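Structural characterization, general
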Amino acid sequence: MTARQKARALFVVCAVVLATVGGSVAFSGAVAGTNDNLTVDPDGNADHTTIQAAVDNASDAQTVKLLPADNGYSTNVVIDKNITIVAPQGANLTNATGDPIIKIDSPDNSPIAPTIRNVTLNATGEAKALVVSSGSESKEDLSNGGDWTLNNVTINGSGAFKDVFLSGASGDWEISSSIIHNTQIRSYEATGNWVVTNSTFRGSEIEARFGSVSDGNWTVKDTRFKTTPENNAGIEARNSQTGTVSNVTFRGNATGNDKYVVLYIGGGTVEDVVMRNRARNFDGIFIDQDQNINSPPSLKFENLTLEDFAEGKAIRLSGDDHYLSTIEIANSTIRNSGSLRLDDKSLDADVRIRDTIFDNAKTFALVDRSASDYTLTNVTFKNISDTAVLDLNSPINPGSVWQITDSKFVNIDREAFRLKEGSVEDTERSSIKNTVIVNSGAPSGRTLEVSLDPTVPPLDATGNWWGDASGPAQNACQGNVICDDPLTYNPTEPLVATDGSAEYATVTDAVSNATAGETILVGSGTYNE
């Protein structure tokens, strides 16, 4: 045997040994899956040529991997088990028929929890991109308790109604790190918890209609909405009790001529949210909680920027029979908008507003028709035109209390505070204190107008700064209101300053002349005392 023949024989022996040690060698061009994975390639270079075949042959907890396909996948897939479908290098799925591209369906009503990752769903015609149901698309069918997840998914909706449709599902669901385009996600009377994180919606909305059986929590955070669809909201979660909107931006002008609302919410928390660049008669946030429940939910708005709702309301509640325990607005700015309107005589909530600015409201700053109690602390109303800032001009249920402290009313074209007959009966506990009221008042000079029955205790508006140490102008306080004992200094500006711009040059002098309970603001500088 020559040296060349010996070398060739040795190679053959090694190859056989390697094949024996390694288990098996596939000599075809197909890419086989492991015990935990099944692979799909329309060209035949995998375990299966269709996604449905792989799903049908998969066991619970297995992963179906979609290999790159030059022409994508034309498919209608029904997922009925706990599996993961993933395209490591991405894959485009388009509906082959008018049926949904993907349907998560549990015919025997057993919970299933599939995950879909790193794919693009392109819905065409009237087809839906994704449907989740338990064998029926009827809203009365509430038996599907399975969870599902979309991660790093792009959905290009057809623009048809309910591109992603959840039919009364009670399971939890999550969409993360995804792009949703021209799509309506509709969760009709679904009772599970749902989360949307780190995603972008373009021309799309989330419509979660909650019925009387709903008790799920929902969260939208770290997400952007750009140009929501015609005549629809960005997020519509009516009658929800525990919703959270956190670090969400709504930008771009809406289309359509109907009344438009960026966010519908019933209860929960809205924080770190920016809404701007709106037009026409649109509202920013619409409060909608009409479930008569034993424990009415609370609603908190924190660190909001709401701008340019020029002819609408930044925050609005209207209608009848709303049930909320508290409404809180804090650390927010509402600008170039009709600001806050609570239009429900049956509402009896504690409304707390603090550390917030209402600037340049074109139609009103705050209009109330409810029986709620109000506490305003460090709230600034400025550059308000056309109507009163705080306008209570129709009879409401007795017991409404207003307490305003450490606030500002600056450059108001009309009354800063206007109460009509019957509006507030518990004025004995209502007051405006330590507040700046300057450059404000109706053409007649009215700044505070309280038109109540003379037998009702007057509104206490003592101890405020009116822009001058002499107190309010002659006609500033009208009706059942007491404006005595005005402040002789602006409580929002330093009382002590080293440059002579304040009333006192030393802290010692300010303390010597202060009365019990008084706050002394000290300007910046060095004080050698």
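Conventions and cut-offs
Residues numbered from 1 in each chain as written. Predicted model: local features only at pLDDT ≥ 70, side-chain atom pairs only at ≥ 80, totals over all residues. Heavy atoms only, no water. Helix = DSSP H or I, 4+ residues; strand = E, 2+ residues; numbered from the N terminus. Buried < 20%, exposed > 50% of the residue type's maximum accessible area, 1.4 Å probe, protein only. Contact = heavy atoms within 4.5 Å. Areas by Shrake-Rupley, 256 points an atom, 1.4 Å probe, with all protein chains shown as cover. pLDDT = per-residue confidence, 0-100. Phe/Tyr/Trp six-rings, centres within 6.5 Å; stacked < 30°, edge-to-face > 60°. Patch = residues over 30% accessible without salt bridge, like charges linked within 9 Å, V, L, I, M, F, W, Y side chains within 5 Å. Salt bridge = Lys/Arg side-chain N within 4 Å of Asp/Glu carboxyl O. Lys, Arg positive; Asp, Glu negative; His and termini not counted. Charge placed at Lys NZ, Arg CZ, Asp CG, Glu CD. Disulfide = S-S within 2.5 Å. Core = buried A, V, L, I, M, F, W, Y, C linked by side-chain atoms within 4.5 Å. Pairing = 2+ DSSP bridges.

1. Considering the overall build of the chain
- Across its full length, the chain holds three helices and 43 strands.
- Every one of the 529 residues in the chain was classed for burial, and the buried ones make up 50%.
- Within the chain, counting contacts between residues at least 6 apart in sequence, those at least 24 apart form 67% of the total.
- Per element, the accessible surface of the chain, about 22800 Å² overall, is 44% carbon and sulfur.

2. Some points on the confidence of the model for the chain
- This prediction gives the chain a mean pLDDT of 77; 72% of its residues lie at or above 70.
- Taken as a whole, residues 256–260 scores under 50 in pLDDT and shows 23 contacts with residues more than four places along the chain or in a different chain.

3. Structural notes on the packing of aromatic side chains
- Per the stated rule, a full pass over the model turns up eight aromatic pairs.
- Seen from their ring centres, Trp173 and Trp194 are 5.0 Å apart, and the 5° between their planes marks the pair as stacked. Pair noted here: Trp173 is in strand β14 (residues 173–176) and Trp194 is in strand β17 (residues 194–197), with a separation of 21 residues, a long-range link.
- The buried category is assigned to Trp194, whose relative accessible area is 2%.
- Centre to centre, the rings of Trp194 and Trp218 are 5.2 Å apart; their planes meet at 15°, and the pair counts as stacked. Of this pair, Trp194 sits in strand β17 while Trp218 sits in strand β20 (residues 217–226); the two residues are 24 residues apart in sequence, bridging distant segments of the chain.
- Its relative accessible area of 0% is what places Trp218 among the buried residues.

4. Overview of a positive patch on the surface
- Side chains of Arg202, Arg224, Lys226 and Arg251 sit close together on the surface and give a patch of like positive charge.
- You can call Lys226 partly exposed: its relative accessible area is 40%.

5. So, the state of the cysteines
- Inspection of every chain in the model, using the stated rule, returns one disulfide.
- Residue Cys477 pairs covalently with Cys483 via a disulfide, S to S 1.9 Å. Note on the Cys477 and Cys483 pair: the S-S dihedral is about -105°, so by sign convention the disulfide is left-handed.
- A relative accessible area of 9% means that Cys483 is categorised as buried.

6. What to know about the nonpolar core
- Leu66, Leu93, Phe301 and Phe381 are the most contacted members of the largest nonpolar core, which totals 101 residues.
- Of all hydrophobic cores here, the second largest spans ten residues; its members include Val410, Val436, Val438 and Trp465.

7. Structural notes on unusual backbone geometry
- In this structure, Asn198 is a non-glycine residue whose phi angle is positive, near 50°.
- Note on placement: Asn198 falls in the loop between β17 and β18 (200–202).
- Among the residues examined, Asn198 registers a relative accessible area of 41% and is labelled partly exposed.

8. Let's talk about the environment of Asp47
- With respect to the secondary-structure elements, Asp47 resides in the loop between β1 (37–40) and α2 (51–57).
- C-alpha of Asp47 to C-alpha of Val64: the two residues are 17 residues apart in sequence and 9.9 Å apart in space.

9. Remarks on the environment of Val522
- Following the sequence through the fold, Val522 ends up in the segment after α3 (507–513).
- Considering only alpha carbons, one finds Val522 and Ala510, twelve residues apart in sequence, at a separation of 9.3 Å.

10. Details of the pattern of salt bridges
- Tallying each qualifying case throughout the model produces nine salt bridges.
- Among the salt bridges present, the one from Arg335 reaches Glu307, with a minimum N-O distance of 2.7 Å. Pair noted here: Arg335 is in strand β29 (residues 333–335) and Glu307 is in strand β26 (residues 299–307), with a separation of 28 residues, a long-range link.
- Several salt bridges converge on common partners, so that one network encompasses Lys300, Glu302, Glu328, Arg354 and Asp355.

11. Comments concerning the pairing of strand β36 (residues 408–412)
- Across four bridges, strand β33 (residues 373–384) lies against β36 in parallel orientation. Residue Lys382 lies in a different strand from β36, and its bridge partner there is Val410.

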